[in-house]
Amino acid sequence: MEFKVRRVIFAVLLILLIGLTVNWLDISAANPKDAILKYASRHWLKYDKEKVEIVEGDFTDANYGKQFTAKGIKDEFGQELIFFYLKNDSGKWKVTSAGTGP
């Protein structure tokens, strides 16, 4: 009996862990700003959510998608990451590239 309880607890914990991992790995979002902030969080970039400004650019790259500029996001060296490229797939935005120059 005790062995079955342990197996059930282990199975439940494993399912929860897998669910949390899949959710954490999903870097798409409903809008560009949330996608960029999610990207910044996943890559341990420095930013203050309230001070980040995102502006949609006029340029679209065939490979990387729509260009956005951001103010208030810095890399691990303190250099501001300005350019973000995002693609919109089925209503979800995803960062495809980020950097200091176009």
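What counts and what doesn't
Residues numbered from 1 in each chain as written. Predicted model: local features only at pLDDT ≥ 70, side-chain atom pairs only at ≥ 80, totals over all residues. Heavy atoms only, no water. Helix = DSSP H or I, 4+ residues; strand = E, 2+ residues; numbered from the N terminus. Buried < 20%, exposed > 50% of the residue type's maximum accessible area, 1.4 Å probe, protein only. Pairing = 2+ DSSP bridges. Axes fitted to C-alpha atoms, helices over the stretch in contact; angles between N-to-C directions. Contact = heavy atoms within 4.5 Å. Core = buried A, V, L, I, M, F, W, Y, C linked by side-chain atoms within 4.5 Å.

Draft legend 1. Up close: unusual backbone geometry. The phi torsion at W44 lies on the positive side, around 55°, for a residue other than glycine. Mapped onto the secondary structure, W44 falls in the loop between α2 (32-42) and β1 (46-47). Phi at S90 is positive, roughly 55°, even though this residue is not glycine. Along the polypeptide, S90 turns up in the loop between β5 (83-89) and β6 (92-99). For S90, a relative accessible area of 74% translates into the label exposed.

Draft legend 2. Just the pairing of strand β3 (residues 65-71), in detail. Along β3, 5 of the 7 residues are buried, which leaves the element largely enclosed by surrounding structure. In this antiparallel pair of consecutive strands, strand β2 (residues 53-61) and β3, the connection spans 3 residues. Taken together, the 4 bridges between β3 and β5 define a ladder with antiparallel strand orientation. Across the sheet, T69 pairs through a bridge with F83, a residue of β5.

Draft legend 3. Geometry of the sheet that holds β3. With antiparallel pairing, 4 strands are arranged side by side in an open sheet as β2-β3-β5-β6. The two strands at the open ends of the sheet, each matched to only one other strand, are β2 and β6. Within the sheet, the average angular offset between the axes of one strand and its neighbour, ignoring direction, is 35°. The sheet strands contacting α2 are β2, β3, β5 and β6, and the helix crosses β6 at an angle near 55°.

Draft legend 4. Local environment of the nonpolar core. Grouped together as the largest cluster of nonpolar side chains are 16 residues, with contacts concentrated most on I36, L45, I73, F84, L86 and V95. Going through the elements one at a time, α2, β3, β5 and β6 are the ones with two or more residues in this core. The residues touching V95, leaving out its near neighbours within four places in the chain, are A35, I36, Y39, F84, Y85 and L86.

Structural measurements only, silent on function.
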